[in-house]
Amino acid sequence: MTTTTQTSTPLFKRMMSNSMGAREARLAWILILPTIVIVLGLVLFPAIFSIWISFRDVGLNNLDSVFSAPFKGFGNYTAVFNDFAFKYNSITNMGAALTSIVYSFSGTILTVVVGLLAALLLNQPFRARGLSRAIFLFPYVAPIVSVAYVWRWMLDPKPSGVINYLSIQLNLIDRPIPFLAKVGWALLLVIIFEGWRYFPFAMLMILARLQAVDKTLYEAAKVDGANALQRFWNITLPELRFVIGAIFLLRLIWTFNKFDDIFLLTGGGFGTKVLPVLTYEFSFRLFDFGKGAATSMILLVILVVFLVFYARFVMRDVE
Amino acid sequence: MANIESQKATFIEHLARRMTWPRFFFWLGMTVFWTTIIFPFYWMVSSSFKTGAEIAGRTPAFVPGTLRWNAYQQLFNENWDRFHDFGTNVTNSILVAIPTAIIAVILSMLGAYAIARLKFRGKELMLNSVLLIYLFPGILLIIPLFAMLAQISRWIGLFDIQDNLAVLVFTYLATTLPVALYMLANYFRTIPDEIEQAALIDGCTRLGVIWRITMPLSVPALVSVGIYTFMIAWNELLYALVFLNDRTMFTMPIKIMAIFNDPSPQMEVVMAASVVMSLPVMLLFLVLERYLAEGLSAGGVKG
């Protein structure tokens, strides 16, 4: 009896043994098992399966027998790389890859800058501070569908479109512009929307960090005769450096993955087609799932570059 | 009259004396932020009370003529035309969001307890992979999920993947569980475990400890995780768009899309639907803002 337990695998022995530690580990696995099953089954397996699909010819006709879909080699990838919607054509027609990069970098920079401004404002003591903080979070917590459609409605080129009306009244423009249906304007506006909707995230994180800054630093600087701008530049910014770096990359990744915002605002038209929208179109408009999966893999590769950068520079520094 | 004028003058003088440049910039910034944030929401609510004529007028109507509920009546009218029966869609959203929230809270509470309190191998690996999943694009998963579930439903034949709200709940769980797990594990670590140890020594089982001690102590965290997962499921667009085809099965976001994309869209109805969809989450948020804000900065709402 003793010999058999000794020859069995260590893992098995541990699982079967009745020591305190083993019982604890067993309970831990039982507690966490449902979560693991769901996440493995619906995130990890699909993610790997996606690689497989990207090398196969999968359409609506063989979706029911997807595991026997014909192998296509890199066919899907070359098809994506040569697709007019993907590759760079001209400055007014940048293609999804470059549009994605422009959109996510500008959107993220705007988000962080606006978030920083909001956090600095809210860090001042004033009467409506709590209320202001709650209100400032509105764009971030409101459902994306409703805010996107309000923006579309406000930016409408109809005479009753309020932004066009006000801009004409203020002599900024002389005739209505279909902001979300015009190359250039459309990309600019989805970037501004990005800043408007996601600055509260940056604001909250920066605000939390600001409140942890040692107040005596400012007093010492004041005594030494530093003005407000100098204090900001030499104390506040260095203190915020890491948190801003972390927010920047986190938001960059999320913006890069973002589908809803552009899909709802422009439908991916007028020079705003980003990789997630392109993936959706290949898969669920053209029903070429292989090509869609290949597009999403390209997106993932770019994302992994971000992630490696994130892990190497930001995660390490934050600790 | 002169009295009022002089009062005005002293008020402006007073203001000028109190107004320094930093103060000026502060209030300027505040005004800009408040206006740009509030105006879209004002526009949503006010447009939902406008008439078709005000919506399509020669100038925008800044204030609706009267407080008319026509758009809302149309929206909820079952017989209005082929798709304005919004009540069904509200029900669908509730049927998806509430089970998602409840199941996510229960499962992540158990998992997070294991991570925070128990020793087992592979814990660190698990926490790190949870973080990675958090950064994973949803668009990448939708194709394989769609193909995989189509395949499974053909094999088993018990369920349809199209127009099945339970399938949606499962996919939402997959995207919300990692976040919930992470947030709760972090919270549990802040609770000192002396009480738990005492209870264990007194003969309480681990599950008893979770039920009697950990859960009551972490009600705020559980509530905020519940609300986050609720909000994620309530607002989700992409998976619902792919998995739902039948208008009677639509959740609110894609129903609003359908109303908006109608050949002759009625903006007041779209705005009314947006108000109906936003109101519950905004109210929940305002009431519970104090502890929700904390969770938000911990990354509660992805995206």
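Reading guide: rules and limits
- Residues numbered from 1 in each chain as written.
- Chains lettered and ligands numbered in written order.
- Predicted model: local features only at pLDDT ≥ 70, side-chain atom pairs only at ≥ 80, totals over all residues.
- Heavy atoms only, no water.
- Helix = DSSP H or I, 4+ residues; strand = E, 2+ residues; numbered from the N terminus.
- Rg over C-alpha atoms; globule rule 2.2 N^0.38 Å.
- Buried < 20%, exposed > 50% of the residue type's maximum accessible area, 1.4 Å probe, protein only.
- Contact = heavy atoms within 4.5 Å.
- Bend = angle between axes of the 7 residues up to and from the residue.
- Polar contact = N/O pair within 3.5 Å; in protein donor to acceptor, adjacent residues only side chain to side chain.
- Salt bridge = Lys/Arg side-chain N within 4 Å of Asp/Glu carboxyl O.
- Axes fitted to C-alpha atoms, helices over the stretch in contact; angles between N-to-C directions.
- Parallel < 35°, antiparallel > 145°, perpendicular 65-115°, else oblique.
- Patch = residues over 30% accessible without salt bridge, like charges linked within 9 Å, V, L, I, M, F, W, Y side chains within 5 Å.
- Areas by Shrake-Rupley, 256 points an atom, 1.4 Å probe, with all protein chains shown as cover.
- Phe/Tyr/Trp six-rings, centres within 6.5 Å; stacked < 30°, edge-to-face > 60°.
- Lys NZ or Arg CZ within 6 Å of the ring centre and 35° of its normal.
- pLDDT = per-residue confidence, 0-100.

### Let's talk about the overall build of chain B
Then, number 1: Tallying secondary structure elements over chain B gives 15 helices and 0 strands in all.
Then, number 2: Over its C-alpha trace chain B gives a radius of gyration of 25 Å, far above what one expects of a compact globule, namely 19 Å for 303 residues.
Then, number 3: On the principal axes, the C-alpha backbone points of chain B span a range of 85 × 55 × 30 Å.
Then, number 4: The proportion of buried residues among the 303 residues of chain B is 53%.
Then, number 5: Within chain B, counting contacts between residues at least 6 apart in sequence, those at least 24 apart form 70% of the total.

### Section: helix α12 (residues 228-257) of chain A
Then, number 1: Where α12(A) bends most, at R241(A), the angle is about 50°.
Then, number 2: Here α12(A) starts with a cap whose side-chain oxygen sits 3.1 Å from the backbone nitrogen of L229(A), and that cap is N227(A).

### Section: the environment of A221(A)
Residues and elements named next belong to chain A.
Then, number 1: As for its placement among the helices and strands, A221 is situated in helix α11 (residues 215-223).
Then, number 2: Classification of A221 by relative accessible area gives buried; the value is 14%.
Then, number 3: It is 6.8 Å that separates the C-alpha atoms of A221 and R231, two residues lying 10 residues apart in sequence.
Then, number 4: In this structure A221 touches A226, R231 and I235, once residues within four positions along its chain are discounted.

### As for the interface of chain B and chain A
Then, number 1: At the junction of the two partners, chain B supplies 96 residues and chain A supplies 94 residues.
Then, number 2: Taken together, the links from chain B to chain A amount to 0 salt bridges.
Then, number 3: Our enumeration of links across chain B and chain A arrives at 5 residue pairs in polar contact (both at pLDDT 80 or more).
Then, number 4: Counting residues per element, the side of chain B that touches chain A draws most heavily on helix α2 (residues 21-47) of chain B, which supplies 15 residues.

### Quick word on the pattern of salt bridges
Between side chains of opposite charge, a pair can form when the charged atoms approach closely.
Residues and elements named next belong to chain A.
Then, number 1: Scanning the model with the defined rule gives 7 salt bridges over all chains in all.
Then, number 2: In this structure, D83 engages K291 in a salt bridge whose closest nitrogen and oxygen atoms are separated by 2.8 Å. You can see D83 sitting in the loop between α4 (75-81) and α5 (95-122) and its partner K291 sitting in helix α15 (residues 289-318), a full 208 residues away along the chain.
Then, number 3: Between E281 and R285 there is a salt bridge; the shortest N-O distance is 3.6 Å.
Then, number 4: On the basis of relative accessible area, E281 is assigned to the buried category, the value being 14%.
Then, number 5: A single salt-bridge network, built from bridges that share partners, covers K273, E281 and R285.

### Some points on the packing of helix α10 (residues 206-217) of chain B against helix α11 (residues 219-235) of chain B
The geometry of a pair of packed helices is captured by two quantities: the angle between their axes and the separation between those axes.
All names here are of chain B.
Then, number 1: Remark: α10 packs on α11, axes separated minimally by 5 Å, with the N-to-C direction vectors making an angle of 70°. By the angle class used here, α10 and α11 are roughly perpendicular. Where α10 approaches α11, its residues M215, P216 and L217 are matched on the opposing element by V219, P220 and L222.

### With respect to the side chain of T99(A)
Then, number 1: As for its position among the elements, T99(A) is in helix α5.
Then, number 2: Aside from chain neighbours lying at most four places away, what touches T99(A) is M94(A), L187(A), G271(A), T272(A), K273(A) and V274(A).

### Let's talk about a nonpolar patch on the surface
Residue and element names in this part refer to chain B.
Then, number 1: Where nonpolar side chains cluster on the molecular surface, the patch consists of M19, W21, F24, F25, W27, L28 and V32 and spans about 750 Å² of accessible area.
Then, number 2: With respect to the helices and strands, L28 occurs in helix α2.
Then, number 3: According to the relative accessible area criterion, L28 is partly exposed, its value standing at 42%.

### Concerning the packing of aromatic side chains
Then, number 1: Applying the stated criterion across every chain, the model contains 43 aromatic pairs over all chains.
Then, number 2: One aromatic cluster is present, formed by F259(A), F263(A), Y280(A), F284(A), F287(A), F289(A), F146(B) and F243(B) through successive ring pairs.
Then, number 3: Of note, K50(B) hangs over the ring of W43(B), and the distance from its end group to the ring centre comes to 3.7 Å.

### Section: unusual backbone geometry
Residues and elements named next belong to chain A.
Then, number 1: Phi at N171 takes a positive value of approximately 60°, unusual for a residue other than glycine.
Then, number 2: Looking at the secondary structure, you find N171 in the loop between α9 (162-169) and α10 (185-211).
Then, number 3: Of the residues examined, N171 reaches a relative accessible area of 67% and is grouped as exposed.
Then, number 4: In this model, F270 sits at a positive phi of 55°, which is unusual for a non-glycine residue.
Then, number 5: Take F270: its relative accessible area is 40%, and that puts it in the partly exposed class.

### A closer look at the confidence of the model for chain B
All names here are of chain B.
Then, number 1: Here chain B shows a mean pLDDT of 83. Residues at 70 or above account for 92%.
Then, number 2: Mean pLDDT across the elements of chain B ranges from a minimum in helix α15 (residues 289-297), with 64, to a maximum in helix α13 (residues 252-260), with 91.
Then, number 3: Predicted as a complex, the structure gets a pTM of 0.86 and an ipTM equal to 0.85.

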